[in-house]
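# Commentary on secondary and tertiary structure
One-letter residues, chain by chain:
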Amino acid sequence: MTVDTQQKGDERVHWLPMIAAISSISVVGIAIGLGMPLLSVILETRGHSASMIGLNTAVAGLASIAGAPLATPLAMRLGVAWTMLLMIAAGALAFVGFHFAPAFWMWFPLRVALHISLTVLFILSEFWISTSAPPHRRGLVLGIYATVLSLGFAAGPWLFAHLGSSGFLPFGVTIALVTLAAIPVLAARNESPAIVADGETSHFLRYVWLVPTATFAVLVFGAVETGGFSLFPVYGNRIGYSEADAALLLTMIGLGNVLLQIPIGMISDRISDRRYLLLACATVGLIGTVFMPFFAQNWHLMAALLFVWGGVVAAMYTIGLAHLGSQLSGHELASANAAFVLCYGVGMVIGPQAIGIGMDAFGPSGFGWSLALFFAAYMLLVLVRLVRKIL
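Everything numeric in this text was worked out from a predicted model, so none of it was measured.

Reading the values: the criteria
- Residues numbered from 1 in each chain as written.
- Predicted model: local features only at pLDDT ≥ 70, side-chain atom pairs only at ≥ 80, totals over all residues.
- Heavy atoms only, no water.
- Helix = DSSP H or I, 4+ residues; strand = E, 2+ residues; numbered from the N terminus.
- Rg over C-alpha atoms; globule rule 2.2 N^0.38 Å.
- Buried < 20%, exposed > 50% of the residue type's maximum accessible area, 1.4 Å probe, protein only.
- Contact = heavy atoms within 4.5 Å.
- Areas by Shrake-Rupley, 256 points an atom, 1.4 Å probe, with all protein chains shown as cover.
- Expected span 1.5 Å × (residues − 1).
- Bend = angle between axes of the 7 residues up to and from the residue.
- Polar contact = N/O pair within 3.5 Å; in protein donor to acceptor, adjacent residues only side chain to side chain.
- Patch = residues over 30% accessible without salt bridge, like charges linked within 9 Å, V, L, I, M, F, W, Y side chains within 5 Å.
- Salt bridge = Lys/Arg side-chain N within 4 Å of Asp/Glu carboxyl O.

### Some remarks on the overall build of the protein chain
Per the secondary structure count, the protein chain includes 15 helices and 0 strands. In terms of C-alpha radius of gyration, the protein chain reaches 20 Å, essentially the compact-globule figure of 21 Å for 391 residues. The principal-axis extent of the C-alpha atoms belonging to the protein chain is close to 55 × 55 × 30 Å. Looking at the protein chain as a whole, 53% of its 391 residues are labelled buried. The contacts in the protein chain between residues at least 6 apart in sequence include a share of 85% that link residues at least 24 apart. When the accessible surface of the protein chain is summed, it comes to about 16700 Å², and 70% of that surface belongs to carbon and sulfur atoms.

Encoded structure:
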């Protein structure tokens with residue numbers, strides 16, 4: 001039975017748990033947006049090499065993959081709200097621990113603890129949001145969620161620019177924000193959804209293949225977002241952009257991400273099968289990468305293209321999550337959310353590698369061709385699934 005069928009009688013948006021879940025996920029965005037540059041700068045000032053800084057940062061992706069299977073069992077044992085509060089506290093303690101850890105090796109277990117906490121928080125927040133939104137408003141609600149998350153990511157670097165990396169201040173401000181975000185979660189604890197296993201519990205990896213149009217949408221998004229953002233400055237430099245112009249183009253991608261999620265989410269609420277919209281988003285992603293070289297000579301055209309491209313491609317995450325919520329419920333949805341976040345982590349790992357190899361092999365044009373390959377492969381998957389449905 002799908003969650004949409006189960007919830008036909010409940011058309012209300014449960015705002016208190018929605019605010020609780022969205023506020024907690026904003027912490028994830030701020031913590032990552034502030035923590036990544038802050039921790040890297042601190043390590044650099046301590047004299048560590050770029051390769052060692054990169055190694056410590058890479059542990060975050062592996063910790064996220066390792067943390068995904070923990071979310072559902074913890075929530076079943078402790079409850080969703082209490083597990084989220086535990087992860088907020090654990091993440092806060094791990095984050096402040098970086099300030100007091102004198103030895104470099106200590107940063108590895110701290111990084112693992114931080115990102116396992118953030119991953120579990122990520123999964124349960126999305127599960128709580130999906131279960132609190134009625135089917136006809138799920139796209140809108142998840143669009144709001146994606147917008148708030150994007151603003152959190154943007155707020156992190158902004159805070160870092162104003163707070164700097166010296167002393168306890170940036171750590172103290174982050175702890176204060178985390179504490180504030182925990183308040184609505186505590187207030188809504190009695191409205192958090194229960195996760196009860198129905199019969200035999202299946203391994204969460206099963207859900208990667210159960211709704212592949214959702215899970216592979218987020219894998220493609222993770223690959224494109226991480227690889228594209230990390231290597232776009234290199235691509236921009238190789239095609240003649242200054243560092244400042246390339247950075248502004250990245251800002252346009254982020255702006256599209258923030259402004260287009262809610263309207264695209266509302267559109268998805270009017271479509272009976274969201275796979276068609278996912279196919280459309282991937283098509284826009286493919287077309288955008290094809291046109292990038294032709295628009296590169298005009299900064300304003302490139303900025304307009306990347307604004308639309310960034311917002312539509314980011315919607316693959318939002319719509320994929322909405323599609324997942326329309327197909328599953330209860331324990332299955334919680335496990336599927338874990339698989340969803342796992343696929344995002346896998347995309348984060350393979351994206352930069354694939355795009356980097358493409359640029360080494362084919363020069364600047366390899367940037368667009370590598371991105372196009374991800375979109376084309378996903379389009380083929382969705383087309384096969386839709387044809388199988390028709391036949």
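### Observations concerning the environment of Thr289
One can find Thr289 in helix α12 (residues 275-295). Here the alpha-carbon distance between Thr289 and Ser365, two residues 76 residues apart in the chain, equals 9.8 Å. Beyond its immediate chain neighbours, meaning those up to four positions away, Thr289 contacts Trp309, Gly368, Leu371, Ala372 and Phe375.

### Examining the side chain of Asn337
Inspection of the secondary structure puts Asn337 in helix α14 (residues 330-362). Owing to a relative accessible area of 0%, Asn337 belongs among the buried residues under this scheme. Those residues within four positions of Asn337 in sequence are excluded, and the remaining contacts are Ile123, Glu126, Phe127, Leu321 and Leu324.

### What about helix α13 (residues 299-327)?
Helix length check: α13 (29 residues) gives 42 Å between terminal C-alpha atoms against 42 Å at 1.5 Å per residue, within 8%. Along α13, the helix axis deviates most sharply at Met316, where the bend reaches about 25°. Near the N-terminus of α13, the side chain that reaches the backbone nitrogen of His300, with its oxygen 3.0 Å away, is that of Asn298.

### Observations concerning α14
Over its 33 residues, α14 runs 47 Å from end to end, which matches the ideal 48 Å to within 8%, given 1.5 Å per residue. The largest bend along α14 measures about 25° and falls at Ile350, with the proline Pro352 one to four residues further on. Following α14 by one or two positions, Gly363 adopts a phi angle in the positive range, close to 75°.

### What to know about a nonpolar patch on the surface
A contiguous nonpolar surface patch, about 370 Å² in accessible area, is contributed by Leu78, Trp82, Leu86 and Leu186. Along the chain, the position of Leu86 falls in helix α5 (residues 80-100).

### A short note on the pattern of salt bridges
Two side chains carrying opposite charge are able to pair once their charged atoms lie near each other. All chains considered together, the criterion is met by 4 salt bridges. Two residues, Asp273 and Arg275, come together in a salt bridge whose shortest N-O distance is 2.9 Å. Measuring nitrogen to oxygen at the nearest pair gives 3.0 Å for the salt bridge that ties Lys389 to Asp273. You can see Lys389 sitting in helix α15 (residues 365-390) and its partner Asp273 sitting in the loop between α11 (243-268) and α12, a full 116 residues away along the chain. Its relative accessible area of 8% is what places Asp273 among the buried residues. One salt-bridge network, in which partners are shared between bridges, spans Asp273, Arg275 and Lys389.

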